[in-house]
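Remarks on the overall topology
The chain contents come next:
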Amino acid sequence: MMRRRASLILLILVGLVGPWPLGLAPAAQTEVDRAAIVTPGSRSNEGWDQQGVDALVAIGEERGIEVDVVENAGYDDITPILRDLAADGADLIICHASGYQTVCPEFAEREGVPVVVTENPEAVTEGLVSDVETEAQEVAYLAGVMAALETSTGTVAVVASGEPPTWNYMTAGFAAGAKDTDPSVEVLYSVIGEAAYDDAPNARRTTETVIAAGADVIFGMGDGASFGMIQAIREHNAAVSQDEEVRFIDVIGDKSDSDVADFLLTSVLFDYTGAYNTFIDNLESGDFGSIYTMDLENEGVWLLEPPIEVSEETIEQVEAAEQAILEGEIDVPAIAEADELADFLEDLPEGDA
Amino acid sequence: MNVLETLLQASVLAAVPLMLAAVGEAIGQRSGLLNLGVEGVMLAGALVAFIAVETSGSFLAGLAAGALVGAVVGLLFGVASARMAASQIVLGLGIALAGQGATGFFFRERYGLTQPLLEPGMSRPISDLSEVAVVGPALFGHKWFVYAAWAGVFLIAATLRFTRAGLLLTATGDAPFATEAAGVDVTRVRVAAATAGQALAGLGGAALSIVEVGFFAPGMTVGIGFIAIALAMVGRQDPLRIALLALAFGVLRGLGPAIQLTEWRVRVEFLDMIPYIGVLVLVVVLGRRVRLPAALGVAYHREARP
């Protein structure tokens, strides 16, 4: 009896003073042999979905990790997909959409399979949920600087396929960059639809509308819908003289070696390699459950060198703005919510166009 | 072009794929066949047309290929539903789902992870007249296929209204047994209607991919096929009514971007709803007068004649 009581006391003491008090033991180290990614859209959209898939596939090849890709999963409940991936032995599942913010952490909690979510820092849980954030507003700011300097009509436009946090961050950054550079520039903002990421026909109509309203630089965030924007610009440019041509600023994927190159001013590029490598390292070392922010500094996001000719002065001003952001002299607004973004855009000084 | 002119022009163009698909569905409905698979047929037409143009460089070949693939699917649907009395609902949903899955698969098989775009090549025969203010671009600034499609719809409307073939088609959907008793092969009429109707749906898909947007993307119809079924019903299977409804839908759809350029602050969720609310209003207003063919969706068994 005495011995049992002594053992119990000893166990409690070890628990209290040991390197990992009871209940705070570190997450288990997991050798990652298989990782999966779920994307809402097509992996060939040269945008959000493709960029995530490409990064994980490249990491898989480099590190000898088997990669499962589930594309076009949409925005309905993806629990059955997650369950299948877990049953197939996925050690890590990347839920590559802000629309999966709830379902994935719940699944991780229930099934014990580590997941990565997007733009949901509150969900981070030790050993189970990590979050990837994109500070793309900083690079979008630079794109805004470039647009303001390159517009001939004095009107630039943002066309977005929805209002997810990532798009909102970039819209605010772009508008701020354009207005800080030239307050007389008019910034138009048009959303194609609530979740119109693949609605190319509507993207085309929306783009035609902002072109008709005078925009000659279009900052397009669309994924699959981007091709609708691109076709609207191509057709417009084919029908007008060179000085009336419209130029496009793309996001996430690099389209500089495609048909777009003729009028692609620049792109806000994303690279998830650093984020995913970090999460896999964390899982293997037992430190999983953190936030990784892709920003200018760690080159998770950056601005594409213009594929078309722009003035030396523009390049210098963009570089100066980049330096100012890195040194903390420019504070780019980070706005995730649609209503807050609408307030922000409404409060911008009116343009002259 | 100003915003209003752009909106009107875009609406006329956007109406074309929807109008063709809805008129095609209406032809089937008149004969008594309800095909819920228009979305899948449109996607198949869109993909095949895109591949044809991309390989041959000919828009005409693309349009023909889109119509042909629609006709083949329509023929299969017609034979299965009219001759073999398979459930039209199940067949239609199967076509919709298979169309979505198969087109995505074949597109990926052929193009991998690339996204080819077509050159803006189709001619605009009377664009010189599009300088006319406000309505000029909407009336005269289109590619030739837009005029061909509208002319085709007028032709179909006239055929249905004034010819014996149109009368037989309507009779087949309203009173199949009486029509059969009058010496008409109901099954044959229905198969022909399904084939012709879905050829138009395939052509609508082709119009979307090669005339309106200039590329193919999996799932690019985003529900147009289902809206076409509703328009065929609300438009009482009348091509001219359907054409006007499709045009109204196009205008309502174009309002979203235009409203966003004004000072009004409207949530995008509401803007998304505008065309659908418009259709709902039409359903409520016109719905009381909607008269569906009496035998719509009912399998025809000659031996079950009352």
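That block above? That's the structure.
One structure accompanies this document, and this report is about it.

Right, let's get into the interface of chain B and chain A. Many authors give the size of an interface as the accessible area that is lost as the parts come together. The interface of chain B with chain A comprises 33 residues on the first partner and 34 residues on the second. The set of elements that each furnish at least two residues to the side of chain B that touches chain A consists of helix H1 (3–31), helix H4 (88–111), helix H9 (186–213), helix H11 (239–260) and helix H12 (268–287) of chain B. Among the elements that take part in the side of chain B that touches chain A, H1 of chain B stands out by supplying five residues, more than any other. Grouping the amino acids of the side of chain B that touches chain A by side-chain chemistry returns 19 nonpolar, nine polar and five charged.

What follows deals with the pairing of strand E11 (residues 291–294) of chain A. All names here are of chain A. Alternating residues of E11 divide into Tyr292 and Met294, all buried, and Ile291 and Thr293, none buried. Where strand E5 (residues 129–134) lies against E11, four bridges are found, and the strand directions are parallel. Pairing of Glu133 across the sheet is with Thr293, part of E11.

Attention shifts here to the packing of helix H3 (residues 59–83) of chain B against H4 of chain B. To describe two helices that pack against each other, one gives the angle between their axes and the distance between the axes. All names here are of chain B. Remark: H3 packs on H4, axes separated minimally by 10 Å, with the N-to-C direction vectors making an angle of 155°. Judged by the angle between their axes, H3 and H4 are roughly antiparallel. In terms of crossing hand, the pair formed by H3 and H4 is right-handed. Here Val73, Phe77, Ala80 and Ser81 of H3 come into contact with H4, specifically with Gln88, Leu91 and Ile95. Across the contact of H3 with H4, the residue classes break down as five nonpolar, two polar and no charged.

Right, let's get into the pairing of strand E3 (residues 92–95) of chain A. Residue and element names in this part refer to chain A. Where burial is concerned, the two faces of E3 agree: the one with Leu92 and Ile94 and the one with Ile93 and Cys95 are both buried. Relative to strand E4 (residues 115–118), E3 runs parallel, the two being bridged by two bridges. Across the sheet, residue Ile93 finds its bridge partner in E4, namely Val115. With helix H4 (residues 103–111) bridging E3 and the parallel E4, this β-α-β connection has right-handed handedness.

This part is about the sheet that holds strand E1 (residues 34–38) of chain A. The strands that make up a sheet are held in pairs by hydrogen bonds between backbone atoms, and each pair lies either parallel or antiparallel. All names here are of chain A. Reading across from one edge, E2-E1-E3-E4-E5-E11 is the order of the six strands in this open sheet, with parallel pairing throughout. Either end of the sheet is taken by a strand with one partner, and the two such strands are strand E2 (66–70) and E11. Taking each pair of neighbouring strands and ignoring which way they run, the sheet shows an average axis angle of 20°. Bridging between E1 and E3 involves four bridges; their strand directions are parallel. Within E3, the residue paired with Ala36 across the bridge is Ile93. Those strands touched by helix H3 (residues 79–87) are E1, E2 and E3, and its axis lies near 165° from that of E2.

Before going further, it helps to examine the nonpolar core. Membership of the largest hydrophobic core comes to 207 residues, with the highest contact counts inside it found for Ile93, Ala143 and Ile218 of chain A together with Leu18, Met19, Ala22 and Ala246 of chain B. The residues contacting Ala22 of chain B, other than those within four sequence positions of it, are Ala228, Leu231, Ala232, Gly235, Ile242 and Ala246 of chain B.

What follows is about the sheet that holds strand E6 (residues 155–160) of chain A. All names here are of chain A. Taking strand neighbours across the sheet as the criterion, the six strands line up as E7-E6-E8-E9-E10-E12 in an open arrangement whose pairing is mixed. A strand with exactly one partner marks an edge of an open sheet, and here the two such strands are strand E7 (186–191) and strand E12 (301–303). On average, adjacent strands in this sheet sit at an angle of 15° to one another, irrespective of strand direction. Here strand E10 (residues 264–270) pairs with E12 via three bridges, running antiparallel. Opposite Val268, over in E12, you have Leu303 as the bridge partner. Against the sheet, helix H6 (residues 165–181) touches E6, E7, strand E8 (217–221), strand E9 (247–252) and E10, its axis set at about 175° to E6.

Parameters at a glance
Residues numbered from 1 in each chain as written. Chains lettered and ligands numbered in written order. Predicted model: local features only at pLDDT ≥ 70, side-chain atom pairs only at ≥ 80, totals over all residues. Contact = placed C-beta atoms within 7 Å. Helix = DSSP H or I, 4+ residues; strand = E, 2+ residues; numbered from the N terminus. Nonpolar A, V, L, I, M, F, W, Y, C, P; charged D, E, K, R; others polar. Buried ≥ 20, exposed ≤ 12 C-beta atoms within 10 Å, placed from the backbone. Pairing = 2+ DSSP bridges. Axes fitted to C-alpha atoms, helices over the stretch in contact; angles between N-to-C directions. Parallel < 35°, antiparallel > 145°, perpendicular 65-115°, else oblique. Left-handed = near helix turned anticlockwise from the far one by under 90°. Right-handed = clockwise from strand over helix to strand, strands pointing away. Core = buried A, V, L, I, M, F, W, Y, C linked by C-beta atoms within 7 Å.

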